[in-house]
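Chains, contacts and geometry: an overview
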Amino acid sequence: VALLPLTRRRRHLQGPLIDADLDGTWPLPLAQPEAVGLSTQRLSEISRWSDGWVGSGKLPGLFTAIARRGKLVYAHSSGSADVASGSPLTQHTLVRLYSLTKPLVSVCAMVLYEKGLFQLDEPVSHHLPSFANARVLLASGEIVPAEREVTVHHLLTHTAGLTYGDSDTAVDEAYKAAGCGWDAPYHLSLSDFVDRIGRLPLAFHPGESWRYSYATDVLGRLLEVISGLPLDRLMDETLFSPLGMADSGFVVPPEKLPRFAAIYEASEAPGRVGAVARQRRRFERGGSFATLLWSLRRSANAGSEQGS
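Here's a quick rundown of the structure. (Residues numbered from 1 in each chain as written. Predicted model: local features only at pLDDT ≥ 70, side-chain atom pairs only at ≥ 80, totals over all residues. Heavy atoms only, no water.)

**Things to note about the overall build of the protein chain**
Put simply, the test is: What counts as a helix is a DSSP run of H or I of at least four residues, what counts as a strand is a run of E of at least two, and both are numbered from the N terminus. Note on definitions: a residue-residue contact is assigned when non-hydrogen atoms from the two residues lie within 4.5 Å. Accessible surface is estimated by sampling points in the Shrake-Rupley manner with a 1.4 Å probe; for residues, cover comes only from the protein chains shown.
Scanning the protein chain from terminus to terminus reveals 9 helices and 9 strands. Expressed as a percentage of contacts within the protein chain between residues at least 6 apart in sequence, the contacts between residues at least 24 apart total 68%. Per element, the accessible surface of the protein chain, about 15000 Å² overall, is 53% carbon and sulfur.

Structural data, given as structure tokens:
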């Protein structure tokens, strides 16, 4: 999901289904849906679906864009970026990526891997000492030594035995007791947070199961240690600057705040958008990860042009 202004009018611009009232700034060439094997008629149903969600009051705004074979064929926006001001969602609106930060950190990791700075089967404890002598908390309550070390590959695939500390298992309770629950990024630096996690028991032996977790946060800290750079700077130098992703980063600077979409809590009342969430989640340097998804599209296009 990314963004564009509200309109019920639509025009065909060189064939694609693109909302009217857009400024014509696109990161990809436009094409008719049928030219890339898609259906104009079926794509138009997405607009009706999108408008319905916003019209019902369940979502403040929703943007959908579809590209195939390097061509943009559909873009539609419903609602607004800020309900109070009525500011529209546009292709210039900044949005939070949340867990889509994970693939970006993982790509950054693979760039360092290609440079030979680490091996995928390398124990994380080589760089993060708190992960040495890992233990596993079994369902019976017994704590046993881990059968193998946590590796970089385990972090990349969420098979390290870590968790989010947001459930009611014994391991999750241990996370909460250590201050490493779901709200940890609000009050701990990345280095302190990862050091605490490394000392906690694992939910399973590394490589023997899968669990969505703080594995990418640990990976981010690992990259800091290996590269000698803070994660935000490393990602900027490795990904954002080379790919022209000028609006991507962990903090939205003051001059770009007018383009930053509001975020809302869920409402208990059916069909009502909740209150604006004021507190920002902190990953490492005081702000949420925000970006233009158009920057991702542009970087993908640049990558194909450069053969990289």
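Moving on, there is more to tell.
**A look at the packing of helix H2 (residues 101-114) against helix H8 (residues 231-240)**
What counts, and what does not: Only the stretch in contact is used when fitting a helix axis, every axis being a line fitted to C-alpha atoms; angles between N-to-C directions are given from 0 to 180 degrees. Any angle from 65 to 115 degrees is called roughly perpendicular, while one under 35 is roughly parallel, one over 145 is roughly antiparallel, and all others are oblique. Asp, Glu, Lys and Arg are counted as charged, while Ala, Val, Leu, Ile, Met, Phe, Trp, Tyr, Cys and Pro are counted as nonpolar; the rest, among them Gly, fall into the polar class.
Where H2 contacts H8, the two axes come as close as 10 Å, and the packing angle between them is 75°. Considering the angle they form, H2 stands roughly perpendicular to H8. Facing Leu104, Val105, Val107, Cys108, Val111 and Leu112 of H2, the residues of H8 in contact are Leu234, Met235, Thr238, Leu239 and Phe240. Residues that form the contact of H2 with H8 fall into these classes: 10 nonpolar, 1 polar and no charged.

**Thoughts on the packing of aromatic side chains**
Quick note on the threshold: For Phe, Tyr and Trp, where Trp contributes only its six-membered ring, two rings pair if their centres lie within 6.5 Å, and the inter-plane angle classes them as stacked under 30 degrees, edge-to-face over 60, or tilted in between. Only protein chains enter the area calculation, which uses a 1.4 Å probe; residues under 20% of their type maximum are buried, those over 50% are exposed, and those in between are partly exposed.
All told, the structure shown has 6 aromatic pairs when counted by the stated rule. Arranged with centres 4.5 Å apart and planes meeting at 75°, the rings of tyrosine 164 and tyrosine 214 form a pair that is edge-to-face. With a gap of 50 residues between them, tyrosine 164 in the loop between helix H3 (152-156) and helix H4 (170-177) and tyrosine 214 in the loop between helix H6 (190-198) and helix H7 (215-227) connect regions that are remote in the sequence. Accessibility expressed as a relative area gives 13% for tyrosine 164, which makes it buried.

**Concerning the environment of aspartate 183**
Along the chain, aspartate 183 falls in the loop between H4 and helix H5 (184-187). Taking relative accessible area as the criterion, aspartate 183 reaches 29% and is therefore assigned partly exposed. Counting along the chain gives 19 residues from aspartate 183 to tyrosine 164, while the straight-line C-alpha distance between them is 9.6 Å.

**Re H7**
Given 3.6 residues to a turn, an α-helix orients residues that are three or four positions apart in the same direction. Counted only if it meets this: By this rule the span expected of a helix is its residue count minus one, scaled by 1.5 Å.
When the terminal C-alpha atoms of H7 are compared, their 18 Å separation across 13 residues agrees well with the 18 Å that a helix rising 1.5 Å per residue should span. Judged by how many residues are buried, H7 sits mostly within the fold: 10 of 13 residues are covered. Burial in H7 covers these residues: Ala215, Thr216, Asp217, Val218, Leu219, Gly220, Leu222, Leu223, Glu224 and Ile226. Residues of H7 that are buried in the fold lie against H2, H3, H6 and H8. A positive phi of about 80° marks glycine 228, the residue just after H7.

**Considering the pairing of strand S3 (residues 61-68)**
Residues in a regular strand point their side chains to alternate faces of the sheet. What counts is decided by this rule: Strands pair, by our definition, only if DSSP identifies at least two bridges between them.
Direction of pairing for S3 relative to strand S4 (residues 71-82): antiparallel, over a ladder of 8 bridges. Bridging across to S4, alanine 65 finds its partner in alanine 75. Connecting the antiparallel pair S3 and S4 is a turn made up of 2 residues, with arginine 69 showing a positive phi of about 55°.

**A few points about the packing of H2 against H7**
The test is simple: Throughout, a crossing is termed right-handed when the near helix is turned clockwise from the far one, and left-handed when it is turned anticlockwise from it by less than a right angle.
Their axes nearest at 10 Å, the elements H2 and H7 cross at an angle of 35°. At the point where H2 passes H7, the crossing takes the left-handed sense. Counted together, Lys102, Val105, Ser106, Cys108, Ala109 and Leu112 of H2 and Thr216, Leu219, Gly220, Leu223 and Ser227 of H7 form the full contact between these two elements. Looking at the contact of H2 with H7 residue by residue, the class counts come to 6 nonpolar, 4 polar and 1 charged.

**Quick look at the nonpolar core**
The condition that has to hold: Residue types Ala, Val, Leu, Ile, Met, Phe, Trp, Tyr and Cys, when buried and joined through side-chain atoms within 4.5 Å, form a set referred to as a nonpolar core.
In terms of nonpolar packing, the biggest core is built from 47 residues, with Leu155, Leu162, Ile197 and Leu223 touching the most fellow members. Among the elements of the structure, H2, strand S7 (135-137), H3, H4, H6, H7 and H8 are those that each provide at least two residues to this core. With 6 residues, the top contributor of residues to this core is H7. By size, the runner-up hydrophobic cluster in this structure holds 7 residues, among which are Trp26, Leu30, Phe63 and Leu72.

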